Amino acid sequence: MAKIIAPVVTIFNEEEKPDYAGNKKVIDFLIEGGLDGILVLGSAGEFPDLNEQERLDFFRFYAEYVNGRVELLAGTGCIRYADTLALSNAVYELGYTPMVISPYYFEMDQEKLFVYYDRLAKDVKGDLYLYNFPPRTGHSIAPETIRRLIDANPNIIGLKDSVSTPGHTNMVCRAVEGKPFTVYSGFDDQFLSNIANNGGGGCIGALSIIVPEIWSSLVKAANEKDFDRTFALYHLIQKLMPIYDMDTNCSLILKKLLVHRGLEISDRAVCPFNQMNAAIYQSAADLLDSVLAEYQSMR
């Protein structure tokens, strides 16, 4: 069965620390919208701006407030291996499965990627998801490397594949066929190509933050094999894709659009990403309104 998981934004106060009241409003909005799960402190969650203790405190808050209502994944990748391991092991006790982006900043070849994840999988206390995001790390995990990793480590159970085209995800699904391994696409417009593959589990896409009801309706239609409705809803998601390209960091515009939808939260992003041209925001808001109106006409 396909799923939609939100790589949620983090609501910050004026001191650029998590605003717990604001984050509760986002959690309720996503759960009421029908999403299957939430990835906490992924890329859209601006995780590099929190230290390891702040991240752990935030994970604890999130788990306590969600209280089992949806599946929780935790973005636990850090620059230092020791920090990644400590944070990953800590979140198991809170009910998360960690999702680990490969070390960023330094270039890594496939052998180094294998060594890194192989060691991590053997050191952690539970299951683990890989997170492949070449535009942020500067390297991509090859399908053959993923197969080597899961052959050696059955606790590596899945992947978020944030790639510009679905071809890589397709090849990963081919490489891991027959293994208990779930591959999620990292961009919303790759959902249908994802679930067409054996091993494709759906999407961890940021547009689900602002239109959870459209996304959950899409997943329901796809799982029920209602193809006419699936294609119509998928068309709405496709229409929203330009939002990703309206700013260099999508977190700010997503928060502003949550406010536009009526959530009483701070739309602050961390420096230097806390500014946006008013015309860009208005273009995004108009696009969102048009898609929501079209969705209402379909219900």
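Scroll up for the structure.
Predicted model only: the values in this text are computed from it and were never measured. (Residues numbered from 1 in each chain as written. Predicted model: local features only at pLDDT ≥ 70, side-chain atom pairs only at ≥ 80, totals over all residues. Heavy atoms only, no water.)

K.L.:
Please set out empty space enclosed by the protein residue by residue, giving values where relevant.
P.N.:
Any space left empty among the atoms is revealed by the rolling of a water-sized probe across them. For the coordinates displayed, the defined rule picks out 1 cavity of 30 Å³ or more. Looking at the largest cavity, the residues that line it are L41, G42, F47, R55, G75, T76, G77, M99, V100, I101 and Y131. When residues of the lining of the largest cavity are assigned to their parent elements, the largest contribution, 3 residues, is made by strand 4 (residues 97–101). Split into classes, the residues belonging to the lining of the largest cavity amount to 6 nonpolar, 4 polar and 1 charged. (1 Å grid on protein atoms, 1.4 Å probe; cavity = no way out; pocket = protein on both sides within 12 Å on 5 of 7 lines; lining within 4 Å. Points joined across faces, edges and corners; volume = space filled by probe spheres on them. Helix = DSSP H or I, 4+ residues; strand = E, 2+ residues; numbered from the N terminus. Nonpolar A, V, L, I, M, F, W, Y, C, P; charged D, E, K, R; others polar.)

K.L.:
Summarise the layout of surface pockets; cite the residues concerned and give the values.
P.N.:
Taken as a whole, the largest pocket encloses approximately 850 Å³ of empty space. Put simply, the parts of the chain that give the lining of the largest pocket at least two residues each are helix 5 (134–137) and helix 11 (250–260). Considered class by class, the residues forming the lining of the largest pocket number 19 nonpolar, 8 polar and 7 charged. Space inside the second largest pocket adds up to approximately 230 Å³. Along the walls of the second largest pocket sit M1, A2, L192, I195, G200, G201, A222, N223, K225, F227, T230 and F231, which together make up its complete lining. When residues of the lining of the second largest pocket are traced back to their parent elements, those giving at least two are helix 8 (191–195), strand 8 (200–204), helix 9 (212–223) and helix 10 (227–240). Ranked by the residues each element gives to the lining of the second largest pocket, the list is headed by helix 10, at 3 residues. Of the residues in the lining of the second largest pocket, the class split is 7 nonpolar, 4 polar and 1 charged.

K.L.:
Please give an account of the environment of P242 that cites residues and values.
P.N.:
Note on placement: P242 falls in the loop between helix 10 and helix 11. For the pair formed by P242 and A284, sequence separation is 42 residues and the distance between their alpha carbons is 8.4 Å.

K.L.:
A description of the side chain of N132 should follow, citing residues and the corresponding values.
P.N.:
Inspection of the secondary structure puts N132 in strand 5 (residues 128–132). Excluding anything up to four places from it in sequence, N132 contacts H139, S140, I141, L159, K160, D161, S162, V163 and H168. (Contact = heavy atoms within 4.5 Å.)

K.L.:
Give me the lowdown on the pairing of strand 5, citing residues and values where you can.
P.N.:
Of all the 5 residues making up strand 5, 5 are buried; the element is thus mostly covered by neighbouring parts of the structure. As a crossover connection, the stretch from strand 4 through helix 4 (residues 110–123) into strand 5 is right-handed. Strand direction decides the pairing type here: strand 5 and strand 6 (residues 156–161), joined by 5 bridges, are parallel. Paired with L130 across the two strands is L159, which belongs to strand 6. (Buried < 20%, exposed > 50% of the residue type's maximum accessible area, 1.4 Å probe, protein only. Right-handed = clockwise from strand over helix to strand, strands pointing away. Pairing = 2+ DSSP bridges.)

K.L.:
Just give me the short version of the nonpolar core, but keep the residues and values in it.
P.N.:
Ranked by size, the top nonpolar core spans 85 residues in total, and within it Y62, W215 and I243 carry the most contacts. The contact partners of Y62, leaving out residues within four places of it in the chain, are V8, I27, I38, V40, L72 and Y96. (Core = buried A, V, L, I, M, F, W, Y, C linked by side-chain atoms within 4.5 Å.)

K.L.:
I'd like a rundown of the sheet that holds strand 1 (residues 3–7), residues and numbers included.
P.N.:
The parallel closed barrel is built from 8 strands, whose spatial order is 1-2-3-4-5-6-7-8. This sheet shows a mean twist of 25° between the axes of neighbouring strands, independent of strand direction. Looking at chain direction, strand 3 (residues 71–75) and strand 4 are connected through 3 bridges and run parallel. Among the inter-strand pairings, A74 is bridged to a residue of strand 4, identified as P98. (Axes fitted to C-alpha atoms, helices over the stretch in contact; angles between N-to-C directions.)

K.L.:
Please provide a residue-by-residue account of the pattern of salt bridges, values included.
P.N.:
Enumeration over the complete set of coordinates arrives at 19 salt bridges. Note that K239 and E294 form a salt bridge whose closest N and O atoms lie 2.7 Å from each other. Placement of K239 in helix 10 and of E294 in helix 12 (residues 278–298) is noted, with a sequence separation of 55 residues between them. Exposure remark for E294: the relative accessible area of 27% places this residue in the partly exposed category. Residues participating in the shared-partner salt-bridge network are E14, E16 and R268. (Salt bridge = Lys/Arg side-chain N within 4 Å of Asp/Glu carboxyl O.)

K.L.:
Could you give an account of the packing of helix 6 (residues 143–152) against helix 7 (residues 167–175), with specific residues and numbers?
P.N.:
One way to put it is that helix 6 packs onto helix 7 with a least axis distance of 9 Å and a crossing angle of 35°. Regarding helix 6 and helix 7, the two cross each other, and that crossing is right-handed. Contacts between helix 6 and helix 7 pair P143, I146 and R147 from the former with H168, M171, V172 and A175 from the latter. (Left-handed = near helix turned anticlockwise from the far one by under 90°.)

K.L.:
Run through unusual backbone geometry, naming residues and quoting values.
P.N.:
Put simply, C271 and P272 share a cis peptide bond, and its omega is 10°. Here E46, not a glycine, exhibits a phi torsion of approximately 55°, which is positive. Take E46: it is sitting in the loop between strand 2 (37–40) and helix 2 (52–66). Backbone geometry places Y105, a non-glycine residue, at a positive phi of 85°. Inspection of the secondary structure puts Y105 in the loop between strand 4 and helix 4.

Shape descriptors only; they carry no functional weight alone.
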